[in-house]
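Structural characterization, general
The residues making up each chain are set out below.
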Amino acid sequence: MPEDIRNLAKDFRHKSVGLSENHEEKFLKKLQEELPKRKKSFTWIYAAASILLMIGLGVKFYPTNAVEPTIDKENNVQSEVNLGDISPEMQKIENYYLTAINYEIASLEVTTENKALLDEYFEEISKLDVDYKRLNQKLKTDGVNNETINALITNLQLRLQLLIQLKDQLNDLQSKKSKNENFSA
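Residues numbered from 1 in each chain as written. Predicted model: local features only at pLDDT ≥ 70, side-chain atom pairs only at ≥ 80, totals over all residues. Heavy atoms only, no water.

Topic: the overall build of the protein
When its secondary structure is counted, the protein shows six helices and two strands. Going residue by residue from the N terminus, the α and β elements of the protein occur as α-α-α-β-β-α-α-α. Here the protein holds 185 residues, and the buried ones make up 19% of them. For the protein, long-range pairs separated by at least 24 residues make up 66% of all intrachain contacts whose partners lie at least 6 apart in sequence. As presented, the protein carries roughly 15800 Å² of accessible surface, and 56% of it is formed by carbon and sulfur atoms. (Helix = DSSP H or I, 4+ residues; strand = E, 2+ residues; numbered from the N terminus. Buried < 20%, exposed > 50% of the residue type's maximum accessible area, 1.4 Å probe, protein only. Contact = heavy atoms within 4.5 Å. Areas by Shrake-Rupley, 256 points an atom, 1.4 Å probe, with all protein chains shown as cover.)

Below you can see the structure in the form of structure tokens.
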């Protein structure tokens, strides 16, 4: 039957158990092996990255006014708004016409015979240039609308057409002059 604890205790000899020199290190090593390893939590890093991503996208795609005049910080004066400020497509159209106009002007030869004709055409072109600046000002004050954009593009087209007409008239004058010289000789 069950033995009495007192009887068991009599037989028990008290042994003195000594601990080894590095028992604490062994215990800690065993404890680390037995306990499950705790994973480091990176949830706060994921949350911070998500917030930064949202802020970045918000800044990138935040709706702004399509036409925003630039401000010259030295003089505190707003510069004019042009078609290129509206969209990249409008920038291409404006650049095309302005390049063609500048090319046509650069290719003109000024002589004493055609100076009066050139002055007449350049007066008309300067009127169109003043009108173009007025339309740019209207675009800045009234905002983007189809009427103003179409008027700006039409103005550029008219200037280019005037220069092409001028070039044709100069070529006609040149051919008449060479015919007269050939006929006289």
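A look at the pattern of salt bridges
Taken as a whole and judged by the stated rule, the model has six salt bridges. Salt-bridge contacts for Asp-129 lead to Lys-133; the nearest nitrogen and oxygen are separated by 3.9 Å. On the criterion of helical spacing, the pair formed by Asp-129 and Lys-133 is a turn pair, its members being four residues apart in helix H5 (residues 115–142). Classification of Lys-133 by relative accessible area gives partly exposed; the value is 46%. Of the charged contacts in the structure, one is a salt bridge between Arg-159 and Asp-129, with a shortest N-O distance of 3.1 Å. Remark: Asp-129 occurs in helix H5 and Arg-159 occurs in helix H6 (residues 146–184); sequence separation between them is 30 residues. (Salt bridge = Lys/Arg side-chain N within 4 Å of Asp/Glu carboxyl O.)

Brief notes about the nonpolar core
Judged by nonpolar contacts, the single largest core of 23 residues is most densely connected at Leu-108, Leu-163, Leu-166 and Leu-170. If you list the elements that add at least two residues to this core, you get helix H4 (88–106), H5 and H6. With nine residues, the top contributor of residues to this core is H6. Setting aside residues up to four positions removed in sequence, Leu-163 forms contacts with Ile-101, Glu-104, Ile-105, Leu-108, Phe-122 and Ile-125. (Core = buried A, V, L, I, M, F, W, Y, C linked by side-chain atoms within 4.5 Å.)

A word on the packing of aromatic side chains
Using the criterion set out here, one finds one aromatic pair in the structure. With centroids separated by 5.2 Å and ring planes inclined at 70 degrees, the aromatic side chains of Tyr-96 and Tyr-97 adopt a geometry described as edge-to-face. With relative accessibility at 53%, the residue Tyr-96 sits in the exposed group. On the basis of relative accessibility, which here comes to 14%, the residue Tyr-97 falls in the buried class. (Phe/Tyr/Trp six-rings, centres within 6.5 Å; stacked < 30°, edge-to-face > 60°.)

What to know about the confidence of the model for the protein
Residues at a pLDDT of 70 or more form 77% of the protein, whose mean pLDDT is 77. Of the regions scoring below 50 in pLDDT, residues 65–73 engages in 17 contacts with residues more than four places distant in sequence or in other chains. (pLDDT = per-residue confidence, 0-100.)

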